[in-house]
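Residue-level structural notes
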Amino acid sequence: SQSRYGVVMRLCGRAMLMERGGIAENESTSAVVAAYHKDKKCQSEVIDIRNLPREGTVRGRVRLLDVKMERGEGSNWKLPYGHPLGLVFTIEAYEPISQFELGIGIFSTNGVEVASALSTHDRTINLDQPGLHKICFRYPDLCLVSRQYRFGVGIRSDIGMEDYIREAFTIEIIPTIESALKKADTFGGFVVPRVS
């Protein structure tokens, strides 16, 4: 379990990862845990979401095509605890769209909504031209407890919901030394608030 990784990181400075009877990694505990997670089966780098089921009635003047993680600390749809998350969406507009808004919901694996955010919280995006567009959505301070989360994505225009996928992709938050020291992996909730 995730809390077991946290205990290992608190108690051990170094660790070994065994593979096929040999030593695959012999480094710091956090590096070995990261290598273990990286080696597990995961989603592809770019997730094609164009054919995923849509929820409710959508207008379809703009459509979500794919998503990838912005280059950085995360890889293979696994993100170390507390690290910033950037998501790059490819969308296709079939006509100009005014008052464009991209929304993202983060859900636990049993369907509890953990957090929501809208692109209009801090910027305006105009789709003045039809065609393909890249939209980057960044969470600079995502402190979720180490486990898997499902992301739902929607697009709204001035006249209604254009596209909505309730389960577009999954991201796993993996433990780090910081989460181990905070004992964050033992928390019952989802968010680890920063307090002072």
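The numbering scheme is per chain: residues are counted from 1 as the chain's sequence reads. A pLDDT threshold of at least 70 governs which residues receive local features in this predicted model, and a stricter bar of 80 or more applies before side-chain atom pairs are shown or counted, although totals over entire chains, interfaces and linings include all residues. As a rule here, side-chain values come from all non-hydrogen atoms in the structure, and water together with hydrogens is ignored.

**Structural notes on the overall build of the protein chain**
For clarity, the cut-off: Secondary structure is summarised from DSSP: a helix means a run of H or I of at least four residues, a strand means a run of E of at least two, and numbering begins at the N terminus for each. The buried label goes to any residue with under 20% of its type's maximum accessible area, the exposed label to any with over 50%, and the partly exposed label to all in between, with areas taken from a 1.4 Å probe on protein chains only. For this analysis, residues touch if any pair of their heavy atoms sits within 4.5 Å. Note on areas: Shrake-Rupley, 1.4 Å probe, and residue coverage restricted to the protein chains presented here.
Looking only at helices and strands, the protein chain has three helices and 12 strands in total. Scored against the burial criterion, the 196 residues of the protein chain give a buried share of 43%. Long-range pairs, those at least 24 residues apart, make up 65% of the contacts in the protein chain with a sequence separation of at least 6. On the protein chain, roughly 10700 Å² of surface is accessible, and the fraction owed to carbon and sulfur atoms is 50%.

**Some thoughts on unusual backbone geometry**
For residues other than glycine, phi is negative in most cases, and the peptide bonds are mostly trans. Within the chain, glutamine 99 stands out as a residue other than glycine whose phi angle is a positive 50°. One non-glycine residue, lysine 183, lies in positive phi territory at about 55°. Tracing the chain through its elements places lysine 183 in the segment after α3 (177-181). A residue is classified by how much of its surface remains accessible, and lysine 183, at 46% relative accessible area, is partly exposed.

**Here we look at the packing of aromatic side chains**
Rules: Each aromatic pair joins two rings of Phe, Tyr and Trp (for Trp, the six-membered one) with centres within 6.5 Å, and gets the label stacked for planes under 30 degrees apart, edge-to-face for over 60, and tilted for any other angle. Note on criteria: charge over ring means Lys NZ or Arg CZ within 6 Å of the ring centre, with the direction from the centre no more than 35 degrees off the ring normal.
Evaluated as defined, the whole model comprises five aromatic pairs. Ring centres of phenylalanine 137 and tyrosine 139 lie 5.5 Å apart, and the angle between their planes is 45°; this geometry places the pair in the tilted category. Overall, phenylalanine 137 belongs to the buried group, its relative accessible area being 6%. Looking at tyrosine 139, the relative accessible area reads 12%, which means it is buried. Put simply, the rings of Trp77, Phe89, Phe151 and Phe169 touch in pairs and so form one group of aromatic residues. Its guanidinium or amino end placed over the ring of phenylalanine 107, arginine 166 lies 4.5 Å from that ring's centre, counting from NZ or CZ.

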